[in-house]
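# Secondary and tertiary structure notes
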Amino acid sequence: MAEIGNNVSIAKAFLEQDQLVAIPTETVYGLAANALNPIAVAKIFEAKERPTFDPLIVHTYNLDQVYKFITEIHPSLLKLAEVFWPGPLTLLLPKKSIIPDLVTSGLDRVGVRIPNHPLTIELLSQVSFPLAAPSANPFGYISPTKAEHVQKQLGDKIQYILDGGDCTVGLESTIVGEENGEIFVYRLGGLAIDDIEQVIGKVSVQLNQSSNPKAPGQLKSHYAPVKPFYMGSLNELQKKYAHKKIGAVVFGGHSLSNESILIKNLSVSKNYREAAVNLFSFLRELDESNVEVIICDFLPEEGLGLAINDRLKRAAAI
Ligand code: TXA
Ligand code: MG
């Protein structure tokens, strides 16, 4: 099992030896290694059993550092960086050759993010390299929002888990880039599109359902529990699976009966931020409980509800 603690010096020492360390961020826990060393980066793919066509995000601690890894930044993206970093925003920017091809899966752009977590910012400012870090879960499974989630699934494959408490956003970063002067959102995430549009105006959303060369990690099936997971009208799904032990993820009011169904309410008061924080840990709790199927209905398509629905669709592979 990995050692768990909040000692930045220990984390730093392991990273300097090209070992893996799990790091806390406001979105989800990351599985970090020296982004400039392909040998260290290869260990991430190995531990996650992640295909190498799925590129990694590079994390650093301020904008000056970002310029060391990129050749240019479109003015609209710079505005977003200035307003939302540190925070749940990843920018795809043209990379310099110092970033290994393994990090970007051979693509010309590198995903860069300044995370908003004091321990990780301290760590990033103490090491002499940026950190490549995907979410710290086995490929395709639910992302971790607590140190213990990482320990359960990857504890035997990593040296140290830097414990920064529960993630305060709970959804991965929103991924944004520019092509021919147009700004695209490639992954919905912890920064809502409305917030982005308030700063730079209308953006295009280009999500993919299967494999897409622009964001190969956005696979149709992802973030998935092991148990059967169905999306749709809760009352209909309850009838359909009446013969099974059901776990339900709900949002606000509902008419399911508490006696026969294990109910997890993302937010009784219909608060999207609270729902985002709870989403992955509730899916895990149900996956680890004695229920046989998990059911869930879509949230309203607004604000962070869009990103939560995106994760739910991928979890259900629909
Ligand atoms: O919030 C987050 O973004 C978390 C924390 C740890 O920072 N990281 C995260 O990483 O979610 P990961 O690897 O689970 O998902 C990153 C996704 C990839 O699957 C891929 O779709 C996209 O980001 N991505 C990364 N670099 C890219 C690139 N150069 N071009 C296109 N897509 C890229
Ligand atoms: Mg991931």
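Residues numbered from 1 in each chain as written. Chains lettered and ligands numbered in written order. Predicted model: local features only at pLDDT ≥ 70, side-chain atom pairs only at ≥ 80, totals over all residues. Heavy atoms only, no water.

Turning to the overall build of the chain, a few remarks are in order. Helix and strand counts for the chain stand at eleven helices and 15 strands. Here the C-alpha atoms of the chain give a radius of gyration of 19 Å, agreeing with the 20 Å that 2.2 N^0.38 yields for 318 residues. Referenced to the eigenvectors of the C-alpha coordinate spread, the extents of the chain come out at roughly 55 × 45 × 30 Å. Looking at the chain as a whole, 57% of its 318 residues qualify as buried. Within the chain, residue pairs in contact and separated by at least 24 positions form 65% of the contacts whose partners lie at least 6 positions apart. Taking the average location of the 29 positive side-chain charges in the chain and that of its 35 negative ones, the two points are 4 Å from each other. (Helix = DSSP H or I, 4+ residues; strand = E, 2+ residues; numbered from the N terminus. Rg over C-alpha atoms; globule rule 2.2 N^0.38 Å. Buried < 20%, exposed > 50% of the residue type's maximum accessible area, 1.4 Å probe, protein only. Contact = heavy atoms within 4.5 Å. Lys, Arg positive; Asp, Glu negative; His and termini not counted. Charge placed at Lys NZ, Arg CZ, Asp CG, Glu CD.)

Another aspect to go through is the sheet that holds strand E14 (residues 261-265). Taken in spatial order, the four strands make up an open sheet running E12-E15-E13-E14, and their pairing is parallel. At either margin of the open sheet sits one strand with a lone partner, and together these are strand E12 (229-231) and E14. Across the sheet, the axes of successive neighbouring strands diverge by a mean angle of 20°, strand direction being ignored. Bridge analysis of E12 against strand E15 (residues 293-296) gives three bridges, and the strand direction is parallel. Bridging from a neighbouring strand, methionine 231 pairs with cysteine 296 of E15. Strands E12, strand E13 (246-250), E14 and E15 of the sheet are contacted by helix H10 (residues 272-288), whose axis makes an angle of about 165° with E14. The strands touched by helix H11 (residues 305-316) within the sheet are E12 and E15, with E12 carrying the most contacts at an inclination of about 130°. (Pairing = 2+ DSSP bridges. Axes fitted to C-alpha atoms, helices over the stretch in contact; angles between N-to-C directions.)

Summed over all chains, the structure comprises 13 salt bridges. Across the pair aspartate 54 and arginine 50 runs a salt bridge whose closest N-O atoms are separated by 3.2 Å. The residues aspartate 54 and arginine 50 share a single accessibility class, namely buried. Measuring nitrogen to oxygen at the nearest pair gives 3.9 Å for the salt bridge that ties glutamate 179 to arginine 109. One end of the pair, glutamate 179, is in strand E9 (residues 174-179); the other, arginine 109, is in strand E6 (residues 109-113), with 70 residues separating them in the sequence. One connected set of salt bridges, linked through shared partners, spans Glu172, Asp310, Arg311 and Arg314. (Salt bridge = Lys/Arg side-chain N within 4 Å of Asp/Glu carboxyl O.)

Now for the pairing of strand E10 (residues 182-187). Most of E10 sits inside the fold, with five of its six residues counted as buried. Where E9 meets E10, five bridges bridge the pair, whose relative direction is antiparallel. Bridging from a neighbouring strand, isoleucine 175 pairs with arginine 187 of E10. Where E9 folds back onto E10 in an antiparallel hairpin, the turn is made up of two residues, including asparagine 180, whose phi is positive at roughly 50°.

Right, let's talk about the packing of aromatic side chains for a bit. The way to describe two aromatic rings as a pair is by their centre distance and the angle between their planes. Taken as a whole and assessed by the stated rule, the structure comprises four aromatic pairs. With 6.0 Å between their ring centres and 25° between their planes, phenylalanine 184 and tyrosine 186 make a pair best called stacked. Note that lysine 264 overlies the ring of phenylalanine 282, its terminal NZ or CZ placed 4.9 Å from the centroid. (Phe/Tyr/Trp six-rings, centres within 6.5 Å; stacked < 30°, edge-to-face > 60°. Lys NZ or Arg CZ within 6 Å of the ring centre and 35° of its normal.)

Attention now moves to unusual backbone geometry. Cis geometry marks the peptide bond from tryptophan 85 to proline 86; its omega dihedral reads -5°. With respect to the helices and strands, proline 86 occurs in the loop between helix H4 (75-84) and strand E5 (89-94). In this structure, aspartate 18 is a non-glycine residue whose phi angle is positive, near 65°. Inspection of the secondary structure assignment puts aspartate 18 in the loop between helix H1 (8-16) and strand E2 (21-23). Within the chain, serine 105 stands out as a residue other than glycine whose phi angle is a positive 55°. In this structure, serine 105 sits in the loop between helix H5 (101-104) and E6. By relative accessible area, serine 105 is classed as partly exposed at 24%.

What follows covers the domain arrangement of the chain. Domain parsing of the chain yields domain 1 (3-73 + 88-168) and domain 2 (229-316). One C-alpha centre belongs to domain 1, the other to domain 2, and the line joining them spans 30 Å. The interface is formed by twelve residues belonging to domain 1 together with seven residues belonging to domain 2. Interface area for domain 1 against domain 2, summed over the two sides, is near 820 Å², with a carbon-plus-sulfur share of 55%. Ranking the residues of domain 1 by area buried against domain 2 places Tyr141, Ile142 and His149 at the top, with a combined share of 49%. On the surface where domain 1 and domain 2 come into contact, there are one salt bridge. With a closest N to O distance of 3.1 Å, lysine 152 and glutamate 288 form a salt bridge. Where domain 1 touches domain 2, the interface holds four residue pairs in polar contact (both at pLDDT 80 or more). Of the residues contributing to the side of domain 1 that touches domain 2, the split by class is five nonpolar, five polar and two charged. (Domains from an automatic or database assignment. Buried area = accessible area lost by both parts, 1.4 Å probe. Polar contact = N/O pair within 3.5 Å; in protein donor to acceptor, adjacent residues only side chain to side chain. Nonpolar A, V, L, I, M, F, W, Y, C, P; charged D, E, K, R; others polar.)

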